[in-house]
Amino acid sequence: MRWRPSSTTQVEDRRGDGGLGGGLGGMRMGGLGGGGIPLPVGGGLGGIVLVIIVIVVMNLVGGGAGTTTGSLQGAPGGAIASLAPGDDQGQFINAVTVDVQTFWGDEFAAAGKSYPQTVLVLFTGSTQSGCGVASSRTGPFYCPSDQKVYLDGAFFDELHTRFGAPGDFAEAYVIAHEFGHHVQDVLGTMDQVAQKQQAGQDPGGANGLSVRLELQADCFAGVWASSIWASPDQANVESITDADVKEALGAAQSVGDDRIQQQATGTINKESWTHGSAEQRATWFNTGFKNGTIDGCDTFSGATL
Ligand SMILES: [Zn+2]
């Protein structure tokens, strides 16, 4: 993969701002990966009314909690720095972000639509998002409430060591997947899914709406990769090779629900899938890569995926 730094900044660099320890005092919310919605203990089953604001957060991987509860208590104290990253990792993430969003901006414009550019919040440790506190345990995610992508730079080490998916284009795939959720948000797909879920029209599990949404984000990442392949030297990501595509496919597989479940518990339970299997994720990335069109990423119509 060849890339060059961008003069545009689309990364909100919050690394080194000390996380939330100072800003929020003792109000640690436990992050988003703490394992779901806490229920009150005791009091029997009757008469408990729970008012829970559930915010859907589109993570790269399942396993952690996809939801957080409660309302947020404002932004952390102090201004949030938004600087152009000067280090290699920051510049790389910024270059990919700019490239991905330039691509979608052009695609939308060609279809007579507008694509609102957003930012990737790069942090270390923890930071505030419109969907709750982002922590390194959360993994990369897109927050529909503030329309930003959140990424702890340390996740890429984890991608290498824990998920066994090294390489710069593996990292680029992760970023492109998250911006795929922004595309879905802009297109209204995310709202449609949320409405169906609220109406009880989601079968859940392996054929559920969450898996379909996630696989479409993988497909969109493939569509973006296809654009680099077809027209090299056009933007910040200048060119990719077969080896890069393999890296992305390997990364897509490495965060498949079956892989993660097998690693974590030794068993596979399709009923609790949220992102799709290793094979499905690689297949849909490849579908996007081969077709190169957003229309080729219809993960919602088929009975099976
Ligand atoms: Zn996702």
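Just above, that's the structure.
Residues numbered from 1 in each chain as written. Predicted model: local features only at pLDDT ≥ 70, side-chain atom pairs only at ≥ 80, totals over all residues. Heavy atoms only, no water.

Chemist: Can you lay out the overall build of the protein for me, pointing to particular residues and giving the numbers?
Modeler: Per the secondary structure count, the protein includes eight helices and 11 strands. Burial analysis of the protein (305 residues in total) assigns 48% to the buried set. For the protein, the share of sequence-separated contacts (at least 6 apart) that also reach a separation of at least 24 residues comes to 73%. Surface accessibility of the protein: about 13500 Å² in total, with carbon and sulfur atoms responsible for 51%. (Helix = DSSP H or I, 4+ residues; strand = E, 2+ residues; numbered from the N terminus. Buried < 20%, exposed > 50% of the residue type's maximum accessible area, 1.4 Å probe, protein only. Contact = heavy atoms within 4.5 Å. Areas by Shrake-Rupley, 256 points an atom, 1.4 Å probe, with all protein chains shown as cover.)

Chemist: Go over the sheet that holds strand 9 (residues 141–143), please, and point to the residues and values.
Modeler: Here five strands make up an open sheet; going across it, the order is 2-6-10-9-4 and the pairing mixed. Each end of this open sheet is capped by a strand with a single partner; those strands are strand 2 (11–13) and strand 4 (58–59). The sheet contact formed by strand 4 and strand 9 spans two bridges and is antiparallel. By the bridge assignment, methionine 58 is partnered in strand 9 with tyrosine 142. Together, strand 2, strand 6 (120–123) and strand 10 (148–152) form the strand contacts of helix 1 (residues 88–110), whose direction differs from that of strand 6 by roughly 165°. (Pairing = 2+ DSSP bridges. Axes fitted to C-alpha atoms, helices over the stretch in contact; angles between N-to-C directions.)

Chemist: I'd like a description of the coordination of the zinc ion, backed by residues and values.
Modeler: With distances of 2.0 to 2.5 Å, the protein atoms coordinating the zinc ion are Asn59 (O), His177 (NE2), His181 (NE2) and Glu214 (OE). Because the angles between the four donor atoms bound to the zinc ion fall within 92 to 136°, the donor set is best described as irregular. When the donor residues of the zinc ion are listed from N- to C-terminus, their spacing reads N-x117-H-x3-H-x32-E. On the criterion of sequence distance, the pair formed by asparagine 59 in strand 4 and histidine 177 in helix 3 (residues 168–187) is long-range, its members being 118 residues apart. Of the two residues, asparagine 59 and histidine 177, neither departs from the other in class, the shared state being buried. (Donors = N, O, S within 2.8 Å, 3.2 Å for Na, K, Ca; no water. Tetrahedral: all angles 85-135°; square planar, octahedral: opposite > 155°, others 65-115°.)

Chemist: How would you summarise the packing of helix 6 (residues 242–254) against helix 8 (residues 278–291) if you had to cite specific residues and measurements?
Modeler: A packed helix pair is summarised by two numbers, namely the angle formed by the two axes and the spacing between the axes. Running from N to C, helix 6 and helix 8 cross one another at 145°; their axes reach a closest spacing of 7 Å. Every pair of crossing elements has a handedness; the one defined by helix 6 and helix 8 is right-handed. Contact with helix 6, carried on its side by Val245, Ala248, Leu249, Ala252 and Gln253, involves Ala278, Arg281, Ala282, Phe285, Asn286 and Phe289 of helix 8 and no other residues of that element. Considered class by class, the residues forming the contact of helix 6 with helix 8 number eight nonpolar, two polar and one charged. (Left-handed = near helix turned anticlockwise from the far one by under 90°. Nonpolar A, V, L, I, M, F, W, Y, C, P; charged D, E, K, R; others polar.)

Chemist: So what about the side chain of glutamate 171? Which residues, and what values?
Modeler: As for its placement among the helices and strands, glutamate 171 is situated in helix 3. No salt bridge is formed by the buried glutamate 171; its nearest oppositely charged neighbour, arginine 15, is found at 11 Å. Contacts of glutamate 171, omitting those with residues within four sequence positions, involve Phe92, Phe156 and Leu159. (Lys, Arg positive; Asp, Glu negative; His and termini not counted. Salt bridge = Lys/Arg side-chain N within 4 Å of Asp/Glu carboxyl O.)

Chemist: I'd like a rundown of the side chain of glutamate 12, residues and numbers included.
Modeler: In this structure, glutamate 12 sits in strand 2. Relative accessible area serves as the criterion here: at 9%, glutamate 12 is assigned to the buried category. Within the structure, the side chain of glutamate 12 is placed 2.7 Å from the side chain of arginine 14, a separation counted as a polar contact. At 3.1 Å, the side chain of glutamate 12 and the side chain of lysine 148 are in polar contact. (Polar contact = N/O pair within 3.5 Å; in protein donor to acceptor, adjacent residues only side chain to side chain.)

Chemist: Would you mind going over unusual backbone geometry in detail, with residue names and values included?
Modeler: The phi dihedral of glutamine 147 is positive, around 60°, even though this residue is not glycine. With respect to the element layout, glutamine 147 can be found in the loop between strand 9 and strand 10. Taking the relative accessible area as the measure of exposure, glutamine 147 reaches 30% and is therefore partly exposed. With a phi angle near 65°, aspartate 233 is a residue other than glycine that sits in the positive phi range. Note that aspartate 233 resides in the loop between helix 5 (209–230) and strand 11 (237–239).

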